[in-house]
Amino acid sequence: MAIKDVLPRLRRERGLTQEDLAKRLYITRQAVSRWETGETTPGIDMTKLIALTLDVPVTELLEMPEHYCQSCGMMFTAPGQHGHEADGTETEEFCRWCYDDGAYTYETTMEDMIEECAPRMAEAMGWTVDESASLLGAVLPTLKRWRDEE
């Protein structure tokens with residue numbers, strides 16, 4: 001769901017006007033209005049600040065696909081991208097690059113995963129590497145692989 005569809009509901013649920021939210025974010029009420037009408041969208045770092053201010057996971061504000069890898073965050077867009085369990089069954093949770101034969105395909109840290117994935121995400125999405133790394137830094141901690149390690 002687009003931020004324009006989610007933001008007004010979240011703001012109202014918290015009893016905030018556009019002006020109230022704008023003050024908390026140090027921006028204009030007009031900026032909030034433009035996001036809520038879909039005229040513009042906030043950048044990645046502002047989206048993270050909105051999530052923090054409204055006390056929701058950043059993924060709630062993003063147009064995340066229904067299914068994506070619970071290790072690297074890659075969207076599943078074609079057949080053959082899912083990993084497999086030890087018994088050969090396909091897993092819905094992980095991509096084949098992160099998970100196969102019932103285990104992660106390589107050991108890594110979240111920081112290394114971000115460093116590895118950010119350039120590819122930037123190229124695919126038309127973002128800067130810094131924007132991609134910022135988004136991955138907010139999304140990866142919410143994924144199964146990284147939640148399970150805590």
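Here the structure is shown first, and the text comes after it.
Bear in mind that the values here come from a model prediction, so they are computed numbers and not experimental data.

Here's the deal with the overall build of the protein
Turning to step 1, where the next piece is worked out: Tallying secondary structure elements over the protein gives seven helices and four strands in all.
Turning to step 2, where the next piece is worked out: Reading the protein from its N end, one meets helices and strands in the order α-α-α-α-β-β-β-β-α-α-α.
Turning to step 3, where the next piece is worked out: Dimensions of the protein along its principal axes, counting C-alpha atoms only, are 55 × 30 × 30 Å.
Turning to step 4, where the next piece is worked out: Across the protein, contacts joining residues at least 24 apart in sequence account for 45% of those joining residues at least 6 apart.
Turning to step 5, where the next piece is worked out: On the protein, roughly 8700 Å² of surface is accessible, and the fraction owed to carbon and sulfur atoms is 50%.
Turning to step 6, where the next piece is worked out: Computed over 15 positive and 29 negative side-chain charges, the separation of the two mean positions in the protein equals 11 Å.

Quick notes on the layout of surface pockets
Turning to step 1, where the next piece is worked out: Here the largest pocket is characterised by a volume of approximately 860 Å³.
Turning to step 2, where the next piece is worked out: Around the largest pocket, the lining comprises 37 residues; the ones closest to its centre are Met75, Met121, Met125, Trp127 and Leu135.
Turning to step 3, where the next piece is worked out: Among the elements of the structure, helix H1 (3-13), helix H4 (44-54), helix H5 (110-125) and helix H6 (129-139) are those that each provide at least two residues to the lining of the largest pocket.
Turning to step 4, where the next piece is worked out: Among the elements that take part in the lining of the largest pocket, H5 stands out by supplying seven residues, more than any other.

Digging into H4
Turning to step 1, where the next piece is worked out: Along H4, the positions that sit buried rather than exposed are Ile44, Thr47, Ile50, Ala51 and Leu54. For H4, the angular spread of the buried residues around the axis is 115 degrees, confining them to a single face. Facing away from the buried side of H4 by more than 90 degrees, the exposed set consists of Asp45 and Leu52.
Turning to step 2, where the next piece is worked out: Looking at the buried residues of H4, the elements they touch are H1, helix H2 (18-25), helix H3 (29-37) and H6.

Conventions and cut-offs
Residues numbered from 1 in each chain as written. Predicted model: local features only at pLDDT ≥ 70, side-chain atom pairs only at ≥ 80, totals over all residues. Heavy atoms only, no water. Helix = DSSP H or I, 4+ residues; strand = E, 2+ residues; numbered from the N terminus. Contact = heavy atoms within 4.5 Å. Areas by Shrake-Rupley, 256 points an atom, 1.4 Å probe, with all protein chains shown as cover. Lys, Arg positive; Asp, Glu negative; His and termini not counted. Charge placed at Lys NZ, Arg CZ, Asp CG, Glu CD. 1 Å grid on protein atoms, 1.4 Å probe; cavity = no way out; pocket = protein on both sides within 12 Å on 5 of 7 lines; lining within 4 Å. Points joined across faces, edges and corners; volume = space filled by probe spheres on them. Buried < 20%, exposed > 50% of the residue type's maximum accessible area, 1.4 Å probe, protein only. Arc of directions from axis to C-beta.

These figures come from the coordinates and say nothing about function on their own.
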